[in-house]
Amino acid sequence: MTEQFLGEDDLDPNPIRQFDAWYRETVQAGEPEPDVMAVATVGNEIPSVRFVLLKGHGDRGFVFYTNWSSRKAREIAANPNVALAFRWRILERQVRVIGTASMLSAEESDAYFATRPRAAQLGAWASEQSEPIASRADLDEHLEVVTARFAGREVPRPPWWGGYLVFPFEMEFWVSHRDRLHDRFQYRLLEGSWGIRRLNP
């Protein structure tokens, strides 16, 4: 692949619009899972990170869905500052986001939950995410119970399940180079305006 060099003139003044441009290019390039992102949270001064799926982005920020009783949710409740990271291998790009997470409304969460495959809807009821469970058989039994409970009717959204919106205050765009002298640009939100600066690789 021909190396791509990134300059400030190549960047949109708004990092969310820049993210959208890169995201669309990534999809067009055939990236297998462009929506996969790492979400890092901090609880009791100990960080944790996991991969989730990006389910929307725009002027408001970045959206993902989860169990509101999970470890990540408990940590967000204690400290809403989170970090996101995307790695798109085909175009050799990364994007990092630091922002503040807030719960989406019940209405928005209901609307998204209704689009999920039925199996995923039932799974949201069956799993007490992040809690210990004795065996896979116990999980399968929970699934059988909720499957029977909702047989023949729509599966409603569990009250403990929904979305988060991450509003960014810092974003970084990174392009790989073979000599490890990568191009990195950081956006920071200061007094309502985005500033851009180049970082050392």
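Read on for an overview of the structure.

So, how was this worked out
Residues numbered from 1 in each chain as written. Predicted model: local features only at pLDDT ≥ 70, side-chain atom pairs only at ≥ 80, totals over all residues. Heavy atoms only, no water. Helix = DSSP H or I, 4+ residues; strand = E, 2+ residues; numbered from the N terminus. Buried < 20%, exposed > 50% of the residue type's maximum accessible area, 1.4 Å probe, protein only. Contact = heavy atoms within 4.5 Å. Areas by Shrake-Rupley, 256 points an atom, 1.4 Å probe, with all protein chains shown as cover. Lys, Arg positive; Asp, Glu negative; His and termini not counted. Charge placed at Lys NZ, Arg CZ, Asp CG, Glu CD. Polar contact = N/O pair within 3.5 Å; in protein donor to acceptor, adjacent residues only side chain to side chain.

1. Considering the overall build of the protein
- Secondary structure summary: the protein contains five helices and nine strands in total.
- Counting helices and strands in the order they occur from the N terminus, the protein gives α-β-β-β-β-α-β-β-α-α-α-β-β-β.
- Expressed along its principal axes, the backbone C-alpha trace of the protein runs to roughly 60 × 35 × 30 Å.
- Here the protein holds 201 residues, and 41% of them are scored as buried.
- Across the protein, contacts joining residues at least 24 apart in sequence account for 65% of those joining residues at least 6 apart.
- As displayed, the protein has an accessible area near 11600 Å², and 51% of this comes from carbon and sulfur atoms.
- Looking at charge distribution, the protein has the averaged site of its 24 positive side-chain charges lying 2 Å from that of its 29 negative ones.

2. Quick notes on the side chain of S70
- Summarising the element assignment, S70 is placed in the loop between β4 (61-67) and α2 (71-78).
- Here the side chain of S70 touches N67 through a polar contact of 2.8 Å, landing on its backbone oxygen.
- Polar side-chain contacts of S70 include one of 3.5 Å to the side chain of Q129.
- When sequence neighbours within four positions are dropped, the list of residues in contact with S70 reads Q129 and S130.

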